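Analysis of the macromolecular model
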Amino acid sequence: MPDASERQVNLALYLASRRTCVTAAECRVAGLGYPDGQDDAAFGRMFERDKDTLRAIGLGIEMTHTAEGEAYRIDPLATFARPIELSGAEIAAIRTIAATLADDPGFPFRDDLVLALGKLETGGERDAVASAGEARVSRDGETGAAAVLADAIRVRKTATFTYTNAGGATKLRQVDPYGIHVRSGRWYLTGYDHPSGEVRTFALSRMADVSVNTARPRTPDFERPENFDIRDHERLPFQYGSAPFVARLRFAPAEAWRAPRLALGHGTIETGEDGSALWTVEAASLERLAEWIVDSGPGIVPVDPPELVASLEAHLRKVVAIHG
Amino acid sequence: MASRPGTAERTRRMLALLPHLHRGETLSLAWLATLVGCSTEEVADDLMTLALCGLPPFDPANLIELVIDEDTVSVIIEPHGLNRPVRFTHAECRALASALEEIGYAPESDLLERLLASASPSAAPDELRRTLLAATAPGGTGDIFATLAEAAESREKVRIVYHTGSTGRTSARVIHPWELSNRHGVSYVAAFCEQAGAERVFRLDRIREAVAIGEHFECPANVAPGVVPDTSALPVARVRFAPGATLPDVYDWPGMSVEAGEGEGTIVRVPYQGPHWLARRVAAYLGEAEVLEPAEVRVAVREIAGSLLQEIQDGHG
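Analysis parameters
- Residues numbered from 1 in each chain as written.
- Chains lettered and ligands numbered in written order.
- Predicted model: local features only at pLDDT ≥ 70, side-chain atom pairs only at ≥ 80, totals over all residues.
- Domains from an automatic or database assignment.
- Contact = placed C-beta atoms within 7 Å.
- Helix = DSSP H or I, 4+ residues; strand = E, 2+ residues; numbered from the N terminus.
- Nonpolar A, V, L, I, M, F, W, Y, C, P; charged D, E, K, R; others polar.
- Pairing = 2+ DSSP bridges.
- Axes fitted to C-alpha atoms, helices over the stretch in contact; angles between N-to-C directions.
- Expected span 1.5 Å × (residues − 1).
- Buried ≥ 20, exposed ≤ 12 C-beta atoms within 10 Å, placed from the backbone.

1. Details of the domain arrangement of chain A
Along its sequence, chain A is carved into domain 1 (4–79), domain 2 (86–138), domain 3 (144–234) and domain 4 (238–322). Here the C-alpha centroids of domain 1 of chain A and domain 3 of chain A sit 36 Å apart.

If you want it as structure tokens, here you go:
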């Protein structure tokens, strides 16, 4: 008996070759690999499973009702991609992305990326000018969780995990996952947190034992709020905290070009007459913002609020003193 | 419910191979394995199964006919009907969006828009935009990545304006881009730098401008550049963290290790390439970390903190 993949490929080829719709009964007797002597119910389940698999792969299987019952064909428009016009630089970039990320254990969607890039047919060998970087820190736990949670977001199934917060306390969490984002190579999940009844953001690096509800896989566990947008929840490190305030930071003229790259779309940037940049941004932690300024410098100084300026000055004096 | 993951993945791989099998062509198994993300053994196994697939009545004229030897496959009869790439699935759109954003293309970039236009109707690009963010700055480094990738492929020199993060100096350099890589969400290019007369690694988010200058370079045959230096060959600093301070991890400080307790706090050993890189990281702990040794890093911490203090005082003076 052919294996399941052989049967599914035969079914795909059969549906793609037909100009008219074919019924399940026709597929059953076409020699595609459905076992002889199988009872109707078992065949029905197997046929449904095969169609689901092919649909998940991207084949647009269209169903119509005929006198003989439900019938199927592959809709070419919904199935096949039109060629995408790409410039030489874009092709080079895509080929290089393939090599930098597709072999990267820190990238959670690498299998899907490989297959997507294979469909682009950009040609050429892809190992000449790029690498994922050796001595990479293995983060299979975090990236594996990112892949699992991204799927849970898609099918709207509730996730459960243990979470250790910054204070070291560990709790079991049940979360309806709404969105996921990455910053500086670290992944974060935003979702409705059942224990607190709030929408919260969790660092995947602090999660363990991530699982997704497998009961009733075709039925979503929750509805994501219509106006949800992950951009509203992606924050800079100093924007997490309980005491929000508005900060203004000045980039020296020579550093002003870095302001939009570091701002990541947050706040507003004004250019001064001397070429400096003044960044006005919401913050929620004086200390984290002070750390960020030192880490991102030189050429970045706080302007407002005075508490931030005073706090950073005091901390810097301490740094100088202990290294004196 | 769809098939078990193993079966579904294999079917997906086999269908992904079909558009690459053109009659009369001989293809390398290694290349096909790369295209579908598996080993050459797996791709050989997939091709052997594909050679059993076809259309009713499954006679020789209607079977995919392949000749597979040790390293290659020759296509005698190509598949009918599924010989074009199918549209991107939702998962593939997610991977593409994430990858492009990670290397610096904005979510609204024209390239990403064009790629997502080839999504399957069952994919939901709009939903993807609202639920996935790989976090890049507007006007990010996507164009710089593309310029360097093309120059690396065509072996063309590039003039860059580079900001050295640890010292804050900006300099114009001509580089020979050898290899691009990505680590912790940051893209790098390893290159020969004409100004330094040696190999250097540059972070793309610190490259202000990159322009190919139309001059060819030869890439040494034995180049093995890497983003992360061999930490075993680097000098080691000892840093003491105050009790309760959040320690860095090897993700932030490659090669670091925690020493046995010594008095108060925790002592960490960390290899470093240049004193200013480590000094800025330590200074950002705002007094919760102290470099015990060597002296050059202690001095660098003091200079960085003192210099910023002076900048603040000048600005408010």
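The structure having been displayed, the exposition proceeds.
2. Thoughts on the interface of chain A and chain B
The partner chain B presents 106 residues to the 109 residues of chain A that form the contact. When residues of the side of chain A that touches chain B are assigned to their parent elements, the largest contribution, eleven residues, is made by helix H1 (residues 4–17) of chain A. For the side of chain A that touches chain B, the per-class residue count stands at 55 nonpolar, 25 polar and 29 charged. As defined by bridge partners, strand S6 (residues 170–183) of chain A adjoins strand S4 (residues 132–133) of chain B across two bridges and the pair is classed as parallel.

3. Things to note about the sheet that holds strand S10 (residues 236–241) of chain B
Neighbouring strands of a sheet are bound in pairs by backbone hydrogen bonds; such pairs are parallel or else antiparallel. With antiparallel pairing, four strands are arranged side by side in an open sheet as S11-S12-S10-S13 (chain B). In this open sheet, the two edge strands, each paired with only one partner strand, are strand S11 (257–258) and strand S13 (289–293) of chain B.

4. A closer look at the sheet that holds strand S10 (residues 245–251) of chain A
Residues and elements named next belong to chain A. An order of S11-S12-S10-S13 is seen for the four strands of this open sheet, with the pairing classed as antiparallel. For this open sheet the edge positions go to strand S11 (268–271) and strand S13 (300–304), each flanked by a neighbour on one side alone. Neighbour-to-neighbour, the strand axes of the sheet open up by a mean angle of 30°, direction not taken into account. Inspection of the sheet shows S10 paired to S13 by four bridges, in the antiparallel sense. Residue pairing for S13: Arg 250 is matched across the bridge by Val 301. Here helix H9 (residues 286–296) sits on the sheet in contact with S10, strand S12 (277–283) and S13, set at roughly 150° to S13.

5. A short note on helix H5 (residues 88–101) of chain A
Residues and elements named next belong to chain A. The first and last C-alpha atoms of H5 sit 20 Å apart over 14 residues, in line with the 20 Å expected at 1.5 Å per residue. Of all 14 residues in H5, eleven are buried, a share of seventy percent or more. Among the residues of H5, those classed as buried are Glu 90, Ala 92, Ala 93, Ile 94, Arg 95, Thr 96, Ile 97, Ala 98, Ala 99, Thr 100 and Leu 101.

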